[in-house]
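# Fold and geometry: a report
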Amino acid sequence: AGVNPVVQSLVVDGIFAGVGSVLSFLPLIVVLFLFLSMLEDSGYMARVAFVMDKVLRKFGLSGRSFVPMLVGFGCGVPAIMATRTLPSEHDRKMTIMLTSFMSCSAKLPVYGLLTAAFFANGSVIAMVSLYLLGIAMAAVVALILNHTVFKGEPVPFIMELPNYRLPSVKTTVLLAWDKAKDFITRAFTIIFAASVVIWFLQTFNMQLNVVTDQSESLLAGLGGMLAPIFGPLGFGDWRASTALVTGLLAKESVISTLTVLLGTTSPAALTSLFTPLTAYVFLVFTLLYPPCVAAIGAVKNELGARWALAVFALQCTVAWVAAFVVRMIGMMLGLI
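Residues numbered from 1 in each chain as written. Predicted model: local features only at pLDDT ≥ 70, side-chain atom pairs only at ≥ 80, totals over all residues. Heavy atoms only, no water.

## Section: the overall build of the protein
Quick note on the threshold: The helix count covers DSSP runs of H or I at least four residues long, the strand count covers runs of E at least two residues long, and both are numbered beginning at the N terminus. Throughout, the radius of gyration refers to the C-alpha atoms, and the reference size of a globule is 2.2 Å times the residue count to the power 0.38. Burial classes: relative accessible area under 20% of the type maximum marks a residue as buried, over 50% as exposed, and values in between as partly exposed (1.4 Å probe, protein chains only). Note on contacts: a residue pair is in contact if any heavy atoms of the two residues lie within 4.5 Å. The accessible surface values rely on the Shrake-Rupley method and a 1.4 Å probe; as for residues, cover is taken only from the protein chains in view. Positive charges come from Lys and Arg, negative ones from Asp and Glu, while His and the chain ends are left out of the count. Every charge is mapped to an atom, namely NZ of Lys, CZ of Arg, CG of Asp or CD of Glu.
Looking only at helices and strands, one finds 17 helices and zero strands in the protein. A globule of 336 residues ought to have a C-alpha radius of gyration of about 20 Å, and the protein, at 21 Å, matches this closely. When its C-alpha atoms are laid out on the principal axes, the protein stretches across 65 × 50 × 40 Å. Taken over 336 residues, the protein has a buried fraction of 49%. For the protein, contacts bridging at least 24 residues in sequence account for 73% of all contacts bridging at least 6. Counting only carbon and sulfur atoms, one obtains 71% of the accessible surface of the protein, whose full area is about 15700 Å². Here the protein carries 20 positive and 15 negative side-chain charges, and the mean point of each set is 7 Å from the other.

## Examining the confidence of the model for the protein
So the rule is basically this: For every residue, the predictor states its confidence as a pLDDT score lying anywhere from 0 to 100.
Predicted confidence across the protein gives a mean pLDDT of 82, with 95% of residues reaching 70 or more. Highest mean pLDDT in the protein belongs to helix 15 (residues 276-288) (92); lowest belongs to helix 1 (residues 5-23) (75).

## With respect to the side chain of Gln-315
We count it as follows: Distance and chemistry together define a polar contact, namely a pair of N or O atoms within 3.5 Å, with one atom able to donate a hydrogen and the other to accept it when in protein, and with adjacent residues in sequence counting only for side-chain atoms on both sides.
Turning to its location among the elements, Gln-315 is positioned in helix 17 (residues 305-332). Of the residues examined, Gln-315 reaches a relative accessible area of 0% and is grouped as buried. Separated by 3.3 Å, the side chains of Gln-315 and Ser-100 make a polar contact. Of the polar contacts made by the side chain of Gln-315, one reaches the backbone oxygen of Leu-288; its length is 2.9 Å. Contact partners of Gln-315, with chain neighbours within four places excluded, come to Ser-100, Phe-101, Leu-288, Tyr-289, Pro-290 and Pro-291.

Written out as structure tokens, the structure is:
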């Protein structure tokens, strides 16, 4: 149609590539929320909280904390808000700090892309290992917090158990649709905006001239400043560090950013950025580093700016240390 090549690049390489790559994972997200909605509507959530009380008390929490953490596998924002039902400040603060270690649904596209590209025959095992690692790290952090910042016993657990019932199809579908609608909304707002910003930064240099080599772009300069931090983890490339930064807006943005920067997220393109070991280390860091700005904002609303900053710093530290340890273990085992 004779459209300016720069505008064509914005639409095709920026908006369509960024937003489209995220929307392709919508069916996976819908299935996850369908099963979570079924658990909630059947009356099982209350019972699992009762069953888990004895286990969680070993980590300084009551069984009530289990429900917010379970909801955290769907989305961190409602999980943090669900801690309002906890009867003590001790349980509430500690649960909020641990909920972000649960792998929210927004990270599924990142897991799905990299595990399919590098662990085709073991993608399920690789993905499950990430969920288990998140739970294990939450347990370790809980033990440390319970003996340092949050000393004291959790409150006694008393709960009225509702009757079991068959999940209502209407309620289940409505709950799942509500979450899917939130995902679609973010795709066309936060991720749309992030894709446009990333496209702009990777297309122009400091003089606002269109670059032919991305390494000369504004984005390369910004990403290069952070790249040395991730060097010891094996992915000290400016494109990887940029993807992690945009992931703070929404975790799905990691995929849209890589798609925009690499032009595609085919296995061949990804192997120019990662090896199987560094891809898994990247996934470990993505799993454990701070959640999206919406979740951090929820922490700020519930506990204040000081606690939000503490959660952010804690997760950055835990993510970097855990990813470094995983890489060292992988190198000792001769993995690449």
